[in-house]
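The residues making up each chain are set out below.
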Amino acid sequence: MFLATEECVVVHERRTRLVCLDREDGSVRWDVPMGTWPRDLVVADGRCLVLPQSPDQLVCLDLRTGAELWHIDLPRFSGHVVAVGDTVLVGGWRGYTPLAAFDLWDGRPLWQTPASVRAALPLTWGGGVLLGHGSDAWLMDPRDGGEMARWQLPEPLIGDELRPVFTPVSPDRCLARCGPRSLMALDLSSGAVDELVRHDVDLVGQAAEFVGGYVWLRELRAGYSAVDPDAGSALWRVDVGQPLVSGVVRADGGFVVASEGALFRLRPDGQVVERAPHAQRISALRDLGAGEVIATTRGTLKALALDSRRPR
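Residues numbered from 1 in each chain as written. Predicted model: local features only at pLDDT ≥ 70, side-chain atom pairs only at ≥ 80, totals over all residues. Heavy atoms only, no water.

Novice: How should the overall build of the chain be read in this particular structure?
Specialist: Looking only at helices and strands, the chain features zero helices and 31 strands. Its C-alpha atoms give the chain a radius of gyration of 20 Å, within 12% of the compact-globule value 20 Å for 312 residues. Counting across all 312 residues of the chain, residues that qualify as buried make up 53%. Here the contacts in the chain between residues at least 6 apart in sequence split such that 34% fall between residues at least 24 apart. Accessible surface, the chain: about 14200 Å² in total, of which carbon and sulfur atoms supply 48%. The average position of the 33 basic charges and that of the 41 acidic charges among the side chains of the chain differ by 7 Å. (Helix = DSSP H or I, 4+ residues; strand = E, 2+ residues; numbered from the N terminus. Rg over C-alpha atoms; globule rule 2.2 N^0.38 Å. Buried < 20%, exposed > 50% of the residue type's maximum accessible area, 1.4 Å probe, protein only. Contact = heavy atoms within 4.5 Å. Areas by Shrake-Rupley, 256 points an atom, 1.4 Å probe, with all protein chains shown as cover. Lys, Arg positive; Asp, Glu negative; His and termini not counted. Charge placed at Lys NZ, Arg CZ, Asp CG, Glu CD.)

Given below as structure tokens:
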């Protein structure tokens, strides 16, 4: 698990360490002990929030130095963390715990639901926090826990409890992955739910990606399909004869995707124009901006510069 900012990359290493790396050269800025295998890492306002599997705590670190600013004890099996403004929301993973809110600056408790709540990975959107489970999606005010909006979905949300299920495409519109093949559009202004896509093959159980003005859907045993975010119409399909890993990245007016063993450069219309083999098995691509990408491989993070000639 890792996250990236404009200046650094924070990654969990060696089971019990949290390490901050410089974006420019990969040098270590700080290295601190941090429980075991975090369920969540979040960066907000110069702070890094960490939720390890053990101990049962939420820890807030200074992103610049790695120094602990505060920590709070949580119920066992707490999961999911999202920060909105000056509020941190924790809970909802697998329905084990209530949702609870804390002040970002000092960890002070703000409110807690009276009972356990089951919700997919939350998303900051629409001035609140978007949550969902089954055929329901709702927008919550993070400061007081009040409900701001609710949508009834015609098909249940995908059941993955660790990966995103929602994709924001505008301040008023968010996409929700439902069932094995569907993508629903939630409208904040009207409260409407519309089916944007019903694909012809099964999709990977995670949120769609919104990159370069297009919605990208990763197919379960193949590549990506790109669709129009407004009409839902199919634009093109990227099929390289093998499954693609997660992550579509902008590069030189086109895009880059990856299989386990290669990077593929795409034209703006999705056509493959170049293939660059990669020596290590790739598991995902993550855009860093400024023409850079992180390729995650087994046990490593590798920063790549995508120039106008070829991925490398």
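Novice: Explain the sheet that holds strand 23 (residues 224–227) here, please?
Specialist: Backbone-to-backbone hydrogen bonds join strands into a sheet, with any given pair of strands oriented parallel or antiparallel. Strand order across the open sheet formed by four strands is 21-22-23-24, with antiparallel pairing between neighbours. Looking at the sheet topology across the chains shown, the edges are occupied by strand 21 (209–211) and strand 24 (234–238). The sheet shows a mean angle of 25 degrees between the axes of neighbouring strands, taken without regard to direction. One ladder, built from four bridges, connects strand 22 (residues 214–218) with strand 23; its direction is antiparallel. Among the inter-strand pairings, L217 is bridged to a residue of strand 23, identified as S225. (Pairing = 2+ DSSP bridges. Axes fitted to C-alpha atoms, helices over the stretch in contact; angles between N-to-C directions.)

Novice: Teacher, can you tell me more about the layout of surface pockets here?
Specialist: Space left empty within the atom packing is revealed by a probe, the size of a water molecule, rolled over the atoms. In this model, the second largest pocket occupies a volume close to 200 Å³. Forming the walls of the second largest pocket are 13 residues, and the residues nearest its centre are V9, D22, R23, G26 and A303. Contributions of two or more residues to the lining of the second largest pocket are made by strand 3 (17–22), strand 30 (292–297) and strand 31 (300–305). Tallying contributions element by element places strand 31 first for the lining of the second largest pocket, with three residues. For the lining of the second largest pocket, the residue count by class is six nonpolar, one polar and six charged. (1 Å grid on protein atoms, 1.4 Å probe; cavity = no way out; pocket = protein on both sides within 12 Å on 5 of 7 lines; lining within 4 Å. Points joined across faces, edges and corners; volume = space filled by probe spheres on them. Nonpolar A, V, L, I, M, F, W, Y, C, P; charged D, E, K, R; others polar.)

Novice: Is there a simple way to think about empty space enclosed by the protein in this case?
Specialist: Across all of its chains, the model carries one cavity of 30 Å³ or more by this definition. Taken as a whole, the largest cavity spans an internal volume of roughly 60 Å³. With three residues, strand 22 is the single largest residue contributor to the lining of the largest cavity.

Novice: Help me out: how do you make sense of the side chain of S225 in this one?
Specialist: Mapped onto the elements, S225 comes out in strand 23. Only 2.7 Å separates the side chain of S225 from the side chain of E219, close enough to count as a polar contact. Setting aside its immediate chain neighbours within four residues, S225 contacts H199, V215, W216, L217, E219, W236 and R237. (Polar contact = N/O pair within 3.5 Å; in protein donor to acceptor, adjacent residues only side chain to side chain.)

Novice: What should I look at first to understand unusual backbone geometry in this one?
Specialist: Working note: non-glycine residues mostly have negative phi, and peptide bonds are mostly trans. Following S54, the chain continues to P55 via a peptide bond in cis, the omega torsion being -5 degrees. In this structure, R14 is a non-glycine residue whose phi angle is positive, near 50 degrees. Summarising the element assignment, R14 is placed in the loop between strand 2 (8–13) and strand 3. Accessibility expressed as a relative area gives 53% for R14, which makes it exposed. The phi dihedral of D45 is positive, around 50 degrees, even though this residue is not glycine. Looking at the secondary structure, you find D45 in the loop between strand 5 (36–44) and strand 6 (47–54). Classification of D45 by relative accessible area gives exposed; the value is 54%.

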